[in-house]
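The lines below spell out each chain.
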Amino acid sequence: APTAAVIPAAGRGVRLGPGAPKALRALGGTPMLIHAVRAMAASRAVSLVVVVAPPDGAPEVKSLLDAHALPDRTDFLVVPGGESRQESVKLGLDALPPGYDIVLVHDAARPLVPVDTVDAVIEAVRDGAPAVVPALPLADTVKQVEPAGAPGEPEPVVATPDRSLLRAVQTPQGFDRATLVRAHETVKDDVTDDASMVEQLGLTVVTVPGHEEAFKVTRPLDLVLAEAVLARRRL
Ligand code: CTP
Ligand code: MG
């Protein structure tokens, strides 16, 4: 089944601190977004990448992609994004041509995901799962709290969920296209990932093993780690 990847890259990157939009920041001298596009194009199954650019940055992103070679088998499209990640993904889906039956949604902010993880997600969708997420066990114990009034105030702990039942999920998340389109048309609540919209349709989402190197570049320390991972790969 022809497979496309939608890459939401329209965020500002507030938690990373001041500077260019996060997806356009350099990692090893190359914009993070280019690493993320190459990570999707590395899978032989992926023949189209739809990049969702910052709302006023589509021409800049288009020239960036023109300047960085992709495999011959991979086409790309650039569309402007929206206010929220959810809206940006929807705009990417709206631009998807017919014929792509499997859709990956991959954060530009996860530039270093290995191709084996991408292929494992696609494989599970091919095997019939409507939605697939790469997932890892948690290292930290997680507490549910009563949120404090002001930042930095102590917060009462309400519960400690059994860590062995929890997973941290990554991208690319893989979908049967029709299911993902229906989810984005039906679910209007704010969500932080695409699979949770499919859960809200009452369908079963399954996990495949995630990878440490698929971590999301969110805060400044994550950039330090990303640079180190890249340097190790280049040895
Ligand atoms: N994203 C998007 N459109 C938005 C917001 C986010 O396409 N309106 C994308 C980001 O570019 C990123 C992915 O969604 O690739 C994951 O979001 P996140 O890590 O939260 O990135 P930002 O929203 O840019 O960062 P922050 O929340 O710190 O501002
Ligand atoms: Mg965000």
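Residues numbered from 1 in each chain as written. Chains lettered and ligands numbered in written order. Predicted model: local features only at pLDDT ≥ 70, side-chain atom pairs only at ≥ 80, totals over all residues.

1. Some words on the overall build of the chain
Looking only at helices and strands, one finds seven helices and twelve strands in the chain. Here the chain has a C-alpha radius of gyration of 18 Å; the compact-globule value for 235 residues is 18 Å, and the two agree. Looking at the 235 residues of the chain, the share that counts as buried comes to 40%. Look at the contacts in the chain between residues 6 or more apart in sequence, and 72% of them connect residues 24 or more apart. (Helix = DSSP H or I, 4+ residues; strand = E, 2+ residues; numbered from the N terminus. Rg over C-alpha atoms; globule rule 2.2 N^0.38 Å. Buried ≥ 20, exposed ≤ 12 C-beta atoms within 10 Å, placed from the backbone. Contact = placed C-beta atoms within 7 Å.)

2. A look at the site of ligand 1
As a structural note, the neighbourhood of ligand 1 is formed by 22 residues, with P8, A10, G11, R15 and S88 the closest of them. Counted by class, the shell around ligand 1 contains eight nonpolar, seven polar and seven charged residues. (Near = placed C-beta within 6 Å. Nonpolar A, V, L, I, M, F, W, Y, C, P; charged D, E, K, R; others polar.)

3. Things to note about the confidence of the model for the chain
The share of residues in the chain with pLDDT of 70 or more is 100%, and the mean pLDDT across the chain is 97. Taken over the whole predicted complex, pTM reads 0.98, whereas the ipTM for its chain interfaces reads 0.99. (pLDDT = per-residue confidence, 0-100.)

4. As for the UniProt feature "site: Transition state stabilizer" (unreviewed entry) in the chain
The positions UniProt marks with the feature "site: Transition state stabilizer" (unreviewed entry) are R15 and K22. If you trace the backbone, R15 turns up in the loop between β1 (3–8) and β2 (26–27). Here R15 is in contact with T218 and R219, once residues within four sequence places are set aside. Mapped onto the fold, K22 is located in the loop between β1 and β2. Those residues in contact with K22 that sit more than four places away from it in its chain are G11, R12, G13, L16, M32 and A109. (UniProt positions renumbered as here; feature names shortened; annotations may be inferred.)

5. Looking at the packing of helix α3 (residues 85–94) against helix α5 (residues 177–186)
Interaxial distance between α3 and α5 falls to 11 Å at its minimum, and their mutual angle equals 130°. Here α5 runs oblique to α3, going by the angle between their axes. The two elements α3 and α5 meet at a crossing, and its hand is left-handed. Within the contact between the two elements, α3 uses V89, K90 and L93 and α5 uses L180, V181 and H184. Each residue belonging to the contact of α3 with α5 can be placed in one class, and the counts come to four nonpolar, one polar and one charged. (Axes fitted to C-alpha atoms, helices over the stretch in contact; angles between N-to-C directions. Parallel < 35°, antiparallel > 145°, perpendicular 65-115°, else oblique. Left-handed = near helix turned anticlockwise from the far one by under 90°.)

6. Some remarks on unusual backbone geometry
With an omega of 10°, the peptide bond between T171 and P172 qualifies as cis. Mapped onto the fold, P172 is located in the loop between β10 (167–169) and β11 (173–176).

7. Notes on the pairing of strand β5 (residues 75–80)
Sheet topology places strand β4 (residues 46–53) next to β5; six bridges connect them, and they run parallel. Along β5, the bridge assignment pairs V52 with V79. Read as a crossover between parallel neighbours, the route from β4 over helix α2 (residues 58–67) to β5 is right-handed. (Pairing = 2+ DSSP bridges. Right-handed = clockwise from strand over helix to strand, strands pointing away.)

8. Describing the UniProt feature "site: Positions MEP for the nucleophilic attack" (unreviewed entry) in the chain
Here, UniProt's "site: Positions MEP for the nucleophilic attack" (unreviewed entry) annotation points to R163 and K216. Within the element layout of this structure, R163 appears in the loop between β9 (157–159) and β10. When near neighbours in sequence (up to four residues on either side) are disregarded, R163 contacts L138, T141 and V142. Mapped onto the elements, K216 comes out in the loop between β12 (205–209) and α7 (220–233). On the basis of neighbour counts, which here come to 17 C-beta atoms within 10 Å, the residue K216 falls in the partly exposed class.

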